[in-house]
Amino acid sequence: MTKIKNICCIGAGYVGGPTMAVIAQKCPEIKVTVVDINAERIAAWQTDELPIYEPGLLEVVKEARGRNLFFSTDIDKAIEESEMIFMSVNTPTKTYGVGKGRAADLKFIELSARKIAEISKSDKIVVEKSTLPVRTAQSIKAILGEQSNGVKYQVLSNPEFLAEGTAVTDLHNPDRVLIGGDQTPEGLEAIEALTSVYAHWVPRERIIQTRLWSSELSKLTANAFLAQRISSINSISALCEVTGADVDEVAYAIGTDTRIGSKFLKSSVGFGGSCFQKDILNLVYLCEYFNLPEVAAYWDQVIIMNDYQKRRFAQNIIHSLFNTVSGKKIGMLGWAFKKDTNDTRESAAIYVSDFLLEDLAQVSVYDPQVPAASMYSDLNYLQTRPAAENKQMLEVCKDPYEALKDAHAVAIITEWDEFKTLDWERIYRDMQKPAFIFDGRNLLDHENLRKIGFKVKAIGKGEE
Ligand code: UDX
Ligand code: ADP
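The present account deals with the structure reproduced in this document. Model, not experiment: these values are computed from the prediction.

Looking at the overall build of the protein
Logical step 1: Secondary structure summary: the protein contains 18 helices and 14 strands in total.
Logical step 2: Scaling as 2.2 N^0.38, a compact globule of 464 residues should have a C-alpha radius of gyration of about 23 Å, and the protein matches this with 24 Å.
Logical step 3: Oriented by its inertia axes, the alpha-carbon framework of the protein measures out at about 75 × 50 × 45 Å.
Logical step 4: When burial is assessed residue by residue, the protein has 53% of its 464 residues classed as buried.
Logical step 5: Look at the contacts in the protein between residues 6 or more apart in sequence, and 75% of them connect residues 24 or more apart.
Logical step 6: If the 53 positive side-chain charges of the protein are averaged to one point and the 63 negative ones to another, these points end up 1 Å apart.

A closer look at helix H3 (residues 57-64)
Logical step 1: Within H3 the residues assigned to the buried category are Leu-57, Val-60, Val-61 and Ala-64. Down the axis of H3, the smallest arc covering the buried residues is 95 degrees, so these residues share one side.
Logical step 2: Phi for Gly-66, located one or two positions after H3, is positive at around 85 degrees.

Structural notes on the sheet that holds strand E9 (residues 329-333)
Logical step 1: The six strands are arranged E11-E10-E9-E12-E13-E14 in an open sheet whose pairing can be described as parallel. Each end of this open sheet is capped by a strand with a single partner; those strands are strand E11 (394-396) and strand E14 (455-458). Averaged over all pairs of adjacent strands, the angle between strand axes in this sheet comes to 20 degrees, irrespective of strand direction.
Logical step 2: Where helix H13 (residues 348-358) meets the sheet, it contacts E9, strand E10 (362-366) and E11, and its direction lies at approximately 180 degrees from that of E9.
Logical step 3: Helix H14 (residues 372-382) contacts E10 and E11 of the sheet and is inclined by roughly 160 degrees relative to E11.

Structural notes on the packing of aromatic side chains
Logical step 1: Summed over all chains, the structure comprises 12 aromatic pairs.
Logical step 2: Measuring from ring centre to ring centre gives 5.9 Å for Trp-424 and Phe-454, while their planes differ by 80 degrees; the resulting arrangement is edge-to-face. Taken together, the residues span a long stretch of sequence, with Trp-424 in helix H17 (residues 424-430) and Phe-454 in the loop between helix H18 (446-452) and E14 at a distance of 30 residues.
Logical step 3: Using a relative accessible area of 7% as the deciding quantity, one classes Trp-424 as buried.
Logical step 4: Between Arg-176 and the ring centre of Phe-161, over which it is positioned, the NZ or CZ distance is 3.5 Å.
Logical step 5: Cation over ring: Lys-310 sits above Tyr-351, and NZ or CZ is 4.1 Å from the ring centre.

Looking at the pattern of salt bridges
Logical step 1: Following the criterion strictly, the structure yields 24 salt bridges and no others.
Logical step 2: Arg-345 is paired through a salt bridge with Glu-164; the nearest N and O atoms lie 3.7 Å apart. Placement of the pair is Arg-345 in the loop between E9 and H13 and Glu-164 in the loop between strand E6 (153-157) and helix H7 (167-172), with a sequence separation of 181 residues.
Logical step 3: Judged by its relative accessible area of 35%, Arg-345 is partly exposed.
Logical step 4: The partner of Glu-192 in a salt bridge is Arg-204, with the nearest N and O atoms 3.2 Å apart. Here Glu-192 is found in helix H8 (residues 185-198), whereas its partner Arg-204 is found in the loop between H8 and strand E8 (207-211), with 12 residues between them in sequence.
Logical step 5: By relative accessible area, which is 29% here, Glu-192 ends up partly exposed.
Logical step 6: When salt bridges that share partners are traced, they join Asp-246, Asp-248, Lys-266 and Lys-461 into one network.

Re the packing of helix H5 (residues 107-119) against helix H6 (residues 136-146)
Each packed pair of helices is defined by two parameters, the angle between the axes and the distance between the axes.
Logical step 1: The geometry of H5 relative to H6 is characterised by a closest axis approach of 9 Å and an angle of 35 degrees between their N-to-C directions. In this structure, the crossing between H5 and H6 has a hand that is right-handed. Contacts between H5 and H6 involve Ile-109, Glu-110, Ala-113, Arg-114, Ile-116 and Ala-117 on the former and, on the latter, Thr-136, Ile-140, Ile-143 and Leu-144.
Logical step 2: Of the residues belonging to the contact of H5 with H6, the class tally is seven nonpolar, one polar and two charged.

Digging into the site of ligand 2
Logical step 1: Around ligand 2 sit 16 residues in total, of which Tyr-14, Val-15, Asp-36, Arg-41 and Arg-345 are the nearest.
Logical step 2: Val-15 is positioned with one of its backbone polar atoms (N or O) 2.9 Å from an oxygen atom of ligand 2.
Logical step 3: Within the side chain of Asp-36, an N or O atom sits 2.6 Å from an oxygen atom of ligand 2.
Logical step 4: Across the complex, the protein chains shield 88% of the 590 Å² of accessible surface that ligand 2 would expose by itself.

Quick look at the site of ligand 1
Logical step 1: By nearness alone, 20 residues border ligand 1, and Phe-161, Glu-164, Ser-268, Lys-338 and Arg-441 come closest of all.
Logical step 2: Glu-160 places a polar main-chain atom, nitrogen or oxygen, 3.1 Å from an oxygen atom of ligand 1.
Logical step 3: In isolation ligand 1 has 660 Å² of accessible area, and contact with the protein removes 90% of it.
Logical step 4: At four residues, helix H9 (residues 212-243) tops the list of elements feeding residues into the shell around ligand 1.
Logical step 5: Classifying every residue of the shell around ligand 1 by side-chain character gives 11 nonpolar, three polar and six charged.

Details of the nonpolar core
Logical step 1: If you look at the biggest cluster of nonpolar residues, it comprises 54 residues, and the most contacted ones within it are Trp-335, Leu-356, Trp-424 and Phe-454.
Logical step 2: Leaving out residues up to four positions away in the same chain, Leu-356 has contacts with Ala-314, Ile-317, Ile-318, Val-325, Ile-330, Met-332, Ala-361 and Val-363.
Logical step 3: Judged by nonpolar contacts, the second largest core, of 44 residues, contains Ile-7, Val-22, Phe-71 and Tyr-198.

Rules and cut-offs
Residues numbered from 1 in each chain as written. Chains lettered and ligands numbered in written order. Predicted model: local features only at pLDDT ≥ 70, side-chain atom pairs only at ≥ 80, totals over all residues. Heavy atoms only, no water. Helix = DSSP H or I, 4+ residues; strand = E, 2+ residues; numbered from the N terminus. Rg over C-alpha atoms; globule rule 2.2 N^0.38 Å. Buried < 20%, exposed > 50% of the residue type's maximum accessible area, 1.4 Å probe, protein only. Contact = heavy atoms within 4.5 Å. Lys, Arg positive; Asp, Glu negative; His and termini not counted. Charge placed at Lys NZ, Arg CZ, Asp CG, Glu CD. Arc of directions from axis to C-beta. Pairing = 2+ DSSP bridges. Axes fitted to C-alpha atoms, helices over the stretch in contact; angles between N-to-C directions. Phe/Tyr/Trp six-rings, centres within 6.5 Å; stacked < 30°, edge-to-face > 60°. Lys NZ or Arg CZ within 6 Å of the ring centre and 35° of its normal. Salt bridge = Lys/Arg side-chain N within 4 Å of Asp/Glu carboxyl O. Left-handed = near helix turned anticlockwise from the far one by under 90°. Nonpolar A, V, L, I, M, F, W, Y, C, P; charged D, E, K, R; others polar. Near = heavy atom within 4 Å. Polar contact = N/O pair within 3.5 Å; in protein donor to acceptor, adjacent residues only side chain to side chain. Areas by Shrake-Rupley, 256 points an atom, 1.4 Å probe, with all protein chains shown as cover. Core = buried A, V, L, I, M, F, W, Y, C linked by side-chain atoms within 4.5 Å.

Spelled out as structure tokens, the structure:
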């Protein structure tokens, strides 16, 4: 069986970085080299200011860095040296041409595959780590096969299930590891080679081996099911608000049914992150491509409900503030798509603030991890208004009290723990009256806030 001594990972982002750090930590005899075209990112991985914020990651990186974990921009050398290459490049939704707004943009995958084909002089196992549409492996195989120079390739699908903010624990203790490959003797051997890497720390019974397409489709399906649960409970939150039911009570009541389960039933301002929307759009595109319009429409509804939830939250703010927020300061707590990450991709904060800015609000944001530049770049990307106007209308504060001073309302977007222990009496004193709180995460103690004097509006809770 192929013994893996050198691993190369193309892409040093949220997936590639933490995954390779843990593989290097757990497999000290394997040399792991993470490469990227982004020199700044690679340089940051070599310092103690890692390019991504992830609890516990720095400790893992420090343990392995310089021993058997390396970060480099020398992509050719790393490819040449390795027996196994992980592809962890980004696969955003296409913003142009055929499949615009829905299909995954595979140009980074294609470029990486071409690079591997150009450089390789010895046989390689190529592992798809990025989330990809079903049958992408076929395209990768085709690209690799064209200029094979006698080199033999095996393509595996090994989707990543880690969630941001808990990446290190998810990697250390995964529910399962999924490895898909060709069901040929060579394919099965490659599956075994990757299995033996994970078996350094994952019990064998948790390593699931499947055919290639099943593995690719399982990743999309897992994310679609998770997102669907959030959209389902969010749809019920709208009903709770008009009927006077409490969505947290409903979620608890249904979640105790072991067939339903209690996880991923937290109603919110809407899900964000780099995966859910992208993967569902991808699934929808795939269904349309294979002429399954009913299946496509079914999954599309998960996105429609999520967009509705974000819009509804912003509309509720405007409606409560006497139908206009023009010139009013709205203090926003949180910009990241969830707590314990500095990732802002598809965060509800972007859409909620854009909606408020359309109604001419002055938005002041505080987030403990997200830099101002990311917030402006997220907003500018929407192209709703010129960048200069975004700069003028959105203020980024380094201190939560400053963001909320003189505000008419507080909007909680991210469930950062530190928001729970703010001095809410001081905040109330410094705000315009009536002082509103729109809790998009049902994070705070609403009873206590009402005692202080706040008018509290929460997701999925009937009127006071
Ligand atoms: C997700 C999947 O969980 C992970 O397995 C996959 O590999 C990548 O996509 P991630 O996007 O990092 O991970 O975060 P996740 O914890 O799933 O949260 C996604 C979004 O849903 C966040 O905006 C979160 O706030 C929201 N969410 C989650 C809810 O609104 N309610 C919930 O009950 C759970
Ligand atoms: P993810 O969340 O999937 O990890 P990121 O955007 O955080 O996505 O990371 C993907 C990384 O892949 C980026 O740092 C990007 O520079 C890198 N990348 C994209 N294309 C290539 C390529 N052809 N060669 C090397 N690195 C690449």
